[in-house]
Amino acid sequence: MKALVINGPNLNMLGQREPDIYGRRTYDDLVEICHEAGARVGFDEVVVFQSNHEGDIVDAIQNAWGTFDGIVINPAAYTHTSVAILDALKAVGLPAIEVHISAVEQREEFRQVSYARMACLATITGEGLDGYAHALDVLAKHLKDAK
Ligand code: DQA
């Protein structure tokens, strides 16, 4: 089983970026959490990707088809704007889990819309970076059940 973890804009700034909201842990910590949790829940490989560019995220989703069994995605700000990311997730049809570090449902009105969510099996919010471990666990269980 192989999982692709996709991170959208500004998540490379974790640790420095609004620590009151996103915490002090860094993007490197996020990558380590994904690798550790992935191995623990049964993935042979977890690749972690980050881009600040919408088209590069669309490319990563398209390229996942045929290579990965599932996707964990935090589209960051593109969550609330990107029909292109939604369409890419629908196009590849891979099982996908949406994750947000913060509790988006308790934040501004403009964060209440998620396009990506419409193509995701589950959404995890407000668990900090541990939400990625949770998302990988949910994805692994889904893939095992689907076998
Ligand atoms: C985020 C929430 C988004 O609203 C925001 O634009 C982000 C991060 C989160 O992980 O909590 O960049 O996706």
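Summarised in this report is the structure supplied together with it. Source: prediction; values computed, not measured.

**Re the site of the ligand**
Looking at the ligand, the residues that line it are Arg17, Tyr22, Asn74, Ala76, Ala77, His80, His100, Ile101, Ser102, Val104 and Arg111. Within the backbone of Ala77, an N or O atom sits 3.3 Å from an oxygen atom of the ligand. Contact with the protein chains hides 99% of the accessible area of the ligand, taken as 320 Å² for the molecule alone. Along the lines of polarity and charge, the residues of the shell around the ligand split into 5 nonpolar, 4 polar and 2 charged.

**A word on the environment of Asp59**
With respect to the element layout, Asp59 can be found in helix H3 (residues 54-64). Overall, the relative accessible area of 40% leaves Asp59 in the partly exposed class. Separated by 77 residues in sequence, Asp59 and Leu136 place their C-alpha atoms 21 Å apart.

**Describing the packing of aromatic side chains**
Pairs of aromatic rings are described using the distance from one ring centre to the other and the angle between the two planes. Taken as a whole and judged by the stated rule, the model has 0 aromatic pairs. The residue whose ring lies beneath Lys2 is Phe68, and the NZ or CZ to ring-centre distance is 5.5 Å.

**Quick look at the sheet that holds strand E1 (residues 2-7)**
Sheets are built from strands paired through backbone hydrogen bonds, the pairs being either parallel or antiparallel. As summarised here, the arrangement of the 5 strands in space is E2-E1-E3-E4-E5, forming an open sheet in which the pairing is parallel. Looking at the sheet topology across the chains shown, the edges are occupied by strand E2 (45-50) and strand E5 (122-125). This sheet shows a mean twist of 20° between the axes of neighbouring strands, independent of strand direction. Most of the contacts of H3 go to E1, to which it runs at about 170°, and overall it touches E1, E2 and strand E3 (70-74). Relative to E3, helix H5 (residues 130-146) is tilted by about 155°, and along the sheet it contacts E1, E2, E3, strand E4 (96-100) and E5.

**What about the packing of helix H2 (residues 27-41) against H5?**
Orientation of H2 relative to H5, taken along the N-to-C sense of each, is 30°, at an axis distance of 9 Å. When the axis of H2 is compared with that of H5, the two are roughly parallel. Once H2 is placed against H5, the crossing between them reads as right-handed. Across from Leu30, Ile33, Cys34, Ala37, Gly38 and Val41 in H2, the residues of H5 making contact are Asp130, Tyr132, Ala133, Leu136, Asp137, Ala140 and Lys144. A class-by-class count of the residues in the contact of H2 with H5 yields 9 nonpolar, 1 polar and 3 charged.

**Considering the packing of H3 against helix H4 (residues 83-92)**
In contact at an axis separation of 9 Å, H3 and H4 are set at 5° when each is read in the N-to-C sense. One way to sum up the angle between H3 and H4 is to call them roughly parallel. For the pair formed by H3 and H4, the contact residues are Glu54, Ile57, Val58, Ile61 and Gln62 on the first element and Ala84, Ile85, Ala88, Leu89 and Val92 on the second. For the contact of H3 with H4, the class distribution of residues is 8 nonpolar, 1 polar and 1 charged.

**Details of the nonpolar core**
Considering soluble globular proteins, one finds that nonpolar side chains tend to be buried as a cluster. In this structure, Phe43, Val72, Tyr132 and Leu136 are the most contacted members of the largest nonpolar core, which totals 30 residues. Elements represented by at least two residues in this core include exactly E1, H2, E2, E4 and H5. Leave out the neighbours within four places in its chain, and Tyr132 touches Val5, Asn7, Leu11, Leu30, Cys34, Val72, Asn74, Val99 and Ile101. Leu4, Ile57, Phe68 and Ile73 belong to the second largest nonpolar core, which has 21 residues in total.

Reading guide: rules and limits
Per-chain numbering applies: the sequence of each chain, read as written, is numbered from 1 onward. The predicted nature of this model means local features are confined to residues of pLDDT at least 70 and side-chain atom pairs, given and counted, to a pLDDT of 80 or more, with totals for whole chains, interfaces and linings taken over all residues. The side-chain numbers reported here are obtained from all heavy atoms of the structure, hydrogens and water having been left aside. For each residue, the test is whether any non-hydrogen atom lies within 4 Å of the molecule or strand; if one does, the residue is near. Whenever two N or O atoms come within 3.5 Å, that pair is a polar contact, provided that in protein one can donate a hydrogen and the other can accept it, and provided that, for residues adjacent in sequence, both atoms are side-chain atoms. Surface exposure here means Shrake-Rupley accessible area, sampled with a 1.4 Å probe, where a residue is shielded only by the protein chains that are shown. For this classification, Asp, Glu, Lys and Arg are treated as charged, while Ala, Val, Leu, Ile, Met, Phe, Trp, Tyr, Cys and Pro are nonpolar and the rest, including Gly, are polar. Secondary structure elements are taken from DSSP: a helix is a run of H or I of four residues or more, a strand is a run of E of two residues or more, and numbering for both begins at the N terminus. Buried, partly exposed and exposed residues are distinguished by accessible area as a fraction of the type maximum, computed with a 1.4 Å probe on protein chains only: under 20%, between the cut-offs, and over 50%, respectively. Aromatic pairs are defined between Phe, Tyr and Trp rings, using the six-membered ring for Trp, whenever the two ring centres lie within 6.5 Å; interplanar angles under 30 degrees are classed as stacked, those over 60 as edge-to-face, and all others as tilted. Two thresholds decide whether a charge sits over a ring: the Lys NZ or Arg CZ must be within 6 Å of the ring centre and within 35 degrees of the ring normal. Strand pairing is assigned whenever DSSP identifies at least 2 bridges connecting the two strands. Every angle, taken between N-to-C directions, lies between 0 and 180 degrees, and every axis is a line fitted to C-alpha atoms, over only the stretch in contact when it is a helix. The contact criterion used throughout is that any non-hydrogen atoms of two residues lie within 4.5 Å. Roughly parallel means an angle under 35 degrees; roughly antiparallel, over 145; roughly perpendicular, 65 to 115; everything else is oblique. Note: crossing handedness is left-handed where the near helix turns anticlockwise from the far helix by less than a right angle, and right-handed where it turns clockwise. As used here, the term nonpolar core means buried Ala, Val, Leu, Ile, Met, Phe, Trp, Tyr and Cys residues forming a set that is joined through side-chain atoms within 4.5 Å.

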